[in-house]
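Descriptive analysis of the structure
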Amino acid sequence: MPHVITQACCGDASCVYACPVNCIHPTPDEPDFGIAEMLYIDPSTCVDCGACVSACPVGAIVPGHRLPETAARFADVNAGHYGEPATDEARFPVRAEWRLPMAPITKPARLGGAAPGELRVAIVGSGPSAMYAADELLKHREVKVSVFERLSQPFGLARFGVAPDHESTRSVANLFDEIARHPNITIALNTEIGRDITLDELRRTHHAVLWAGGAPTDRPLAIPGVDLEGVQSATSVVGWYNGHPDFAYSAPDLGTERAVVIGNGNVALDVARIFTADPERLATTSIDQTALAALRGSSIREVVVVARRGPEHAAFTLPELIGLADGPAHVWVDPSELVGVDPDAIDDPTVAAKVSLLHEISQREKPTEPFIRLSFGYTPLEVVGDGRATGVKFVKTGTDQESVIDAGLVLTAVGYRGRAVPGLPFDEAKGTVAHVEGRIVEAGEPIAGLYVTGWIKRGPSGFIGTNKTDSGETVKHLLADAEAGVLPHPGSAAVPV
Ligand SMILES: Cc1cc2nc3c(=O)[nH]c(=O)nc-3n(C[C@H](O)[C@H](O)[C@H](O)COP(=O)(O)OP(=O)(O)OC[C@H]3O[C@@H](n4cnc5c(N)ncnc54)[C@H](O)[C@@H]3O)c2cc1C
Ligand code: SF4
Ligand code: SF4
């Protein structure tokens, strides 16, 4: 039976390069790569060699005959991506330009041109984008990488964002640990650039500085009542249950029977799942122990995840919905909210599969255990309450029918936005550092020796693995600039840490 990619896929494309028969798509060279919710194995061309399994950093690939029941739907999800074509050529149009070098062996590379004998690169941040950039840079023996991280533990949101019950995804930290063991990299923890060391100091002591500081602020929800007690961002809750030091005092009030989450991306689902999970199961994960103790005493029976638009526009991904539907969580959708939304009338196979699964969930008995209700088509008007939140007033989108969902806890999960970095040009419209393909620019001109990658480069989108291709682009330009001799010549003094 062919191999199957499952929920934990974070899109780093390592399997694409390992596969000897090019049956994993979209590849980074194909147009859908940046928007795909995961990668898919074509079951009719997979030769079951298993090479992709060892290439995957998060254990997302399973031989078909060993698929656990909770992941059984992923066989259809993989096959469904390739459709039911009339001919082999139509089903899998292999084009010469799509053929990648198979399982390339990376030989230690040498920098040419006018590159300095030793190229010192500082990376700010140690999240996925930083670690993938370091990995790419370290393929060149002349490069010495110094990583600076403000927190006491490395790897950014791979450690402090990914939900504790997503253990496969969190295992990407093993890959980053391996990168961190390279002899030409150092990681200075508890070191914030802009507080402990200035950006200018870094520039004076390195040929290039690569900013990989992430996109740290929540998008605000501009409705009355968001300042009431009992309203907070889903991010602060994620930080709290993952032990992020910035959110140690963000404990949500769990002494209420119902919580409302406004927004329905994957982060909203993460929080809803953790709030309704059996604490005994969470106890086997890396969840913060203080958060676990609070969850053991929680009164929450229902988490309503509310989206402004209909189910065909759901922001959560299909793999996450499958994980919710077939995993230990209890989930329910009111069938009346799906009336008129026909999966067969939807062209996009991923969206059609999501809607179809939502219909299936809506036919289940309404759970009696703590559960998640996915709700669609309600626009929030205001958080109601007197000093403390007691509910959220919504209007049915596109109508004037108002209703209130009673809730003692309201979480906003409407996305992230990058914060301006002192000393770097900022693109206010995009909420990113201003750049062209990773070269930081001012008035359209590159600033010699300054680069950017990750969420603060492209905005808060994509998965952990998306940062690999993103960082690859930035590093390519950095190395080209080194070879062209256009990087500044720093002094030789090491930066004090
Ligand atoms: C709640 C949440 C859950 C997620 N879950 C998943 C998931 O399950 N699967 C998945 O594939 N993707 C997930 N993602 C997306 C994934 O985490 C991001 O794609 C990825 O972390 C972005 O990487 P980054 O390096 O750009 O930023 P970050 O991971 O945010 O890393 C930035 C790092 O820079 C450090 N830093 C910032 N400023 C400074 C400074 N001045 N000096 C020193 N250090 C600094 C920060 O402390 C941080 O460690 C999730 C995202 C969130 C928010
Ligand atoms: S098992 Fe082999 S042929 Fe099948 S997808 Fe993986 S690498 Fe490709
Ligand atoms: S995480 Fe990477 S290697 Fe694993 S299945 Fe997804 S794209 Fe392939």
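Calculation rules
- Residues numbered from 1 in each chain as written.
- Chains lettered and ligands numbered in written order.
- Predicted model: local features only at pLDDT ≥ 70, side-chain atom pairs only at ≥ 80, totals over all residues.
- Heavy atoms only, no water.
- Pairing = 2+ DSSP bridges.
- Helix = DSSP H or I, 4+ residues; strand = E, 2+ residues; numbered from the N terminus.
- Axes fitted to C-alpha atoms, helices over the stretch in contact; angles between N-to-C directions.
- Near = heavy atom within 4 Å.
- Nonpolar A, V, L, I, M, F, W, Y, C, P; charged D, E, K, R; others polar.
- Buried < 20%, exposed > 50% of the residue type's maximum accessible area, 1.4 Å probe, protein only.
- Polar contact = N/O pair within 3.5 Å; in protein donor to acceptor, adjacent residues only side chain to side chain.
- Contact = heavy atoms within 4.5 Å.
- Salt bridge = Lys/Arg side-chain N within 4 Å of Asp/Glu carboxyl O.
- Domains from an automatic or database assignment.
- Buried area = accessible area lost by both parts, 1.4 Å probe.

Bringing the sheet that holds strand β14 (residues 371–376) into the picture now. If you walk across this open sheet you meet the six strands as β10-β18-β11-β12-β14-β13, and the pairing is parallel. Of all the strands in the sheet, the pair left with one neighbour each is β10 (231–233) and β13 (331–333). With strand direction ignored, the average angle separating the axes of adjacent strands in the sheet is 25 degrees. In this structure, strand β11 (residues 258–262) lies alongside strand β12 (residues 302–307), joined through five bridges in parallel fashion.

On to the sheet that holds strand β15 (residues 378–386), then. Taken together, three strands build an open sheet; the order of strands is β15-β16-β17 and the sheet is antiparallel. Both outer strands of the open sheet, β15 and β17 (402–406), are each paired with one neighbouring strand and no more. The average undirected angle you get between the axes of adjacent strands in this sheet is 30 degrees. Strand direction decides the pairing type here: β15 and strand β16 (residues 388–396), joined by eight bridges, are antiparallel. Bridging across to β16, Asp386 finds its partner in Arg388.

A few words on the site of ligand 3. As a matter of local geometry, ligand 3 sits amid 13 residues, with Cys9, Asp12, Ala13, Cys15 and Cys56 nearest to it. Class assignment for the residues of the shell around ligand 3 results in 10 nonpolar, two polar and one charged.

Let us look at the side chain of Thr235. Mapped onto the elements of the fold, Thr235 is located in helix α10 (residues 234–241). Assessed through its relative accessible area of 14%, Thr235 is described here as buried. A distance of 2.3 Å separates polar atoms of two side chains, one belonging to Thr235 and the other to Asp218. Contacts of Thr235, omitting those with residues within four sequence positions, involve Asp218 and Tyr416.

Overall, the coordinates contain 27 salt bridges when judged by the stated rule. Arg388 is the salt-bridge partner of Asp253, the closest N and O atoms lying 3.4 Å from each other. Residue Asp253 is located in the loop between α10 and β11, and its partner Arg388 is located in strand β16; the two are separated by 135 residues in the primary sequence. Residue Arg388 is classed as partly exposed on the basis of its relative accessible area, which comes to 28%. Residues joined by salt bridges that share partners form a network here, namely Arg150, Glu192, Arg195, Asp196 and Asp246.

This brings us to the domain arrangement of the chain. Here the chain is partitioned into domain 1 (3–98), domain 2 (119–216 + 418–484) and domain 3 (223–415). Distance from the C-alpha centre of domain 2 to the C-alpha centre of domain 3: 32 Å. Listed by partner, the interface residues are 13 residues for domain 2 and 19 residues for domain 3. Summing the contributions of domain 2 and of domain 3, the shared interface buries around 1,200 Å²; its carbon and sulfur component is 53%. Contact with domain 3 buries area across many residues of domain 2, yet Phe160, Pro164 and Asp165 alone supply 46% of it, more than any other trio. Here domain 2 and domain 3 share two salt bridges between them. The tally of links from domain 2 across to domain 3 stands at eight residue pairs in polar contact (both at pLDDT 80 or more). Taken together, the residues of the side of domain 2 that touches domain 3 sort by class into six nonpolar, two polar and five charged.

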